[in-house]
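# Residue-level structural notes
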Amino acid sequence: MILMDMMNRFQQNFVKLNQAEKVLAAVSTGVDSMVMLQLLLKLPKKIRPQVSVAYVNHRLRPASAQETEFIRSFCQKHHLPLFTTDWSPQQHPAHGIEAAARDFRYKFFAQIMQKQGISELLTAHHQDDQVETFMLKLIRGGQLQQLTGIAARRCFSAQAGSWILRPMLPFSKAEIRAYAVEQRIKYFEDETNFELKVLRNRLRNRFIPELVEENPQFKEHIINYQSQLACLQAAMKPLLEQRLQTIKTAKHTYSLTNWQQQPLAWQQLLLEKILSIPTAKITHGQQQQASELLNNSQKPQGRIDLEGNWLFFKEYDHFGVTYSQANLTAVSTDFCQQLRLGEWQHLEDGSQVGLFEWNSGMLHPKDLVFRLPTDQRFPLQIRHRQKGDRLVTAVGKQKVKKILIDLKLSKVQRSKLWIVADKKNRPIWLVGVKRGYLSEAAVNGRMLYMIIFRNEVAL
Ligand SMILES: Nc1ncnc2c1ncn2[C@@H]1O[C@H](COP(=O)(O)OP(=O)(O)OP(=O)(O)O)[C@@H](O)[C@H]1O
């Protein structure tokens, strides 16, 4: 009875999830993955993919040698290619052994998949894992969307273009065990699962059973909440995306005014979305800090360091996230190059500058150009801002720092700004920002020279 029901449900679910002809089944020799393997082998031929098995001997349990032997003979008997590896005890860390073991395991799976040209990994996560993960998130805190739990099919981040499938998610542990008993499936019990010092195990063996005693439907209720939440998220996704586009000004950059015009609830949802960087985990505290920064009118500029070199920034009417390595690479303040007539010169940020005799035919529509009538100020040089810089304009000398602050350029932009200075080191052009007197005086005169500045992103 259990057999038929499990088989049918597994088959229906598997057909929906699977898209590959070759799969790698992660088998720990525990009951969940051994049942998954048996169910895979029982699939009708026309829908059964080519199954390979991966087993990692973590060398954490006395029985691990027996387990290795067992899976080896099982795979031999069923003509399944088997890939195994040992995690040598020398590599075991003193702390965080579970996470390190998982890391080792998934790296191994990724290697095998790459070598064997397999694009799908199957793990035997089930309904009880789902409930435990939900409870763990409740205890540890985080983003609401994480409560939807383990996905049945998701990208395998360790291996580009591949997927992780969890075809056992519809089944409870009790069903899986009952099936194993009925089918006389041999498996190994992981005795470390009973160690109460690990929170997940305490949930599994102590707290969840107590809650089930309060209401036998407790686990089903959690699964039900998760599917309601998943529906809500799927419906919200396009709406959120649409609204995000209305406040977006550039990649990862948004208009503060437009954000502030949104109703409060949308402000929070948008901010959460902006902060959802795949490679950085954002805490609730950081999200609150970001929200406070955006609402603090006394602070026109600010930044919050996030995980993995990312940072959240506010610069006058713009805010967003940026990868700090790329944006804050210290500019060398002592960088200084003389401009050589008739030559393009490459600058440290990838832009180019050149001094040429006047020839409008050379100009490209996106070029920034400074025209000048004389060579009396040669040699010219290009550099970043220096202390005390002043620009001679038609109305007199102006402090460069003040010009830039008035223009609301952020500190980062100010430090990256290029300046062309004359032979006495006096700025004549704040590239992309302001021209000095020399150019203005010559507007009606005959042009002899031009400085061309080329950059993908002009200030
Ligand atoms: N030593 C192993 N070798 C091969 N596969 C394994 C091994 N351990 C676990 N797996 C696979 O991972 C699944 C989940 O195992 P388990 O619940 O112990 O891991 P977890 O650390 O809780 O979860 P996750 O695998 O998502 O990190 C198993 O059902 C099995 O498919």
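Going by the annotation in an unreviewed UniProt entry, the name recorded for the protein chain is tRNA(Ile)-lysidine synthase, with Liquorilactobacillus ghanensis DSM 18630 given as the source organism. Annotation of the protein chain in UniProt includes, under Subcellular location (unreviewed entry), the sentence "Cytoplasm".

## Brief notes about the overall build of the protein chain
Counting its regular elements, the protein chain contains 15 helices and 22 strands. Taken over C-alpha atoms, the radius of gyration comes to 31 Å for the protein chain, far larger than the 23 Å a tight globule of 459 residues would show. When the backbone C-alpha atoms are referred to their principal axes, the protein chain occupies close to 95 × 45 × 45 Å. Here the protein chain holds 459 residues, and 41% of them are scored as buried. Sequence-distant contacts in the protein chain: of pairs separated by 6 or more residues, those separated by 24 or more amount to 67%. Of the accessible surface of the protein chain, which amounts to about 25,600 Å², a share of 51% is contributed by carbon and sulfur atoms.

## Points about the environment of Glu 175
For Glu 175, the location among the structural elements is in helix α6 (residues 173–183). Looking at Glu 175, its side chain comes within polar contact range of the main-chain nitrogen of Ser 172, at 2.9 Å.

## Focus on unusual backbone geometry
Cis peptide bonds are those with omega within 30 degrees of zero, and the linkage from Phe 378 to Pro 379 qualifies with 0 degrees. Here Pro 379 shows up in the loop between β15 (368–372) and β16 (381–383). One non-glycine residue, Arg 59, lies in positive phi territory at about 55 degrees. Along the chain, Arg 59 falls in the loop between β2 (50–57) and α3 (64–77). The residue Lys 408 is not glycine, and still its phi comes out positive at about 60 degrees. Note that Lys 408 resides in the loop between α13 (400–406) and α14 (411–416).

## Quick word on the nonpolar core
Core analysis: the biggest nonpolar cluster contains 35 residues, and Phe 10, Met 34, Val 35, Leu 37, Leu 39, Leu 40 and Met 168 have the highest contact counts within it. Going through the elements one at a time, α1 (2–17), β1 (22–26), α2 (31–41), β2, α3 and α6 are the ones with two or more residues in this core. It is α2 that contributes the most residues to this core, seven residues altogether. Apart from the residues within four sequence positions on either side, Leu 40 is in contact with Phe 10, Phe 14, Ala 25, Arg 48, Val 51 and Leu 122. Core analysis: the next-biggest nonpolar cluster, separate from the first, contains 23 residues, Leu 240, Ile 247, Tyr 254 and Leu 271 among them.

## A few points about the pattern of salt bridges
Enumeration over the complete set of coordinates arrives at 18 salt bridges. The residue Lys 107 makes a salt bridge to Asp 103 at a minimum N-O spacing of 3.0 Å. Highlighted residues: Lys 107 and Asp 103, both in helix α4 (residues 97–116), separated by four residues, approximately one helical turn. In this structure, the salt-bridge partner of Arg 426 is Asp 422, at a minimum N-O distance of 3.0 Å. The exposure class of Arg 426 is partly exposed, given its relative accessible area of 36%. Exposure remark for Asp 422: the relative accessible area of 0% places this residue in the buried category. Sharing partners across several salt bridges, the network here consists of Asp 5, Arg 9 and Glu 175.

Rules used throughout
Residues numbered from 1 in each chain as written. Predicted model: local features only at pLDDT ≥ 70, side-chain atom pairs only at ≥ 80, totals over all residues. Heavy atoms only, no water. UniProt positions renumbered as here; feature names shortened; annotations may be inferred. Helix = DSSP H or I, 4+ residues; strand = E, 2+ residues; numbered from the N terminus. Rg over C-alpha atoms; globule rule 2.2 N^0.38 Å. Buried < 20%, exposed > 50% of the residue type's maximum accessible area, 1.4 Å probe, protein only. Contact = heavy atoms within 4.5 Å. Areas by Shrake-Rupley, 256 points an atom, 1.4 Å probe, with all protein chains shown as cover. Polar contact = N/O pair within 3.5 Å; in protein donor to acceptor, adjacent residues only side chain to side chain. Core = buried A, V, L, I, M, F, W, Y, C linked by side-chain atoms within 4.5 Å. Salt bridge = Lys/Arg side-chain N within 4 Å of Asp/Glu carboxyl O.

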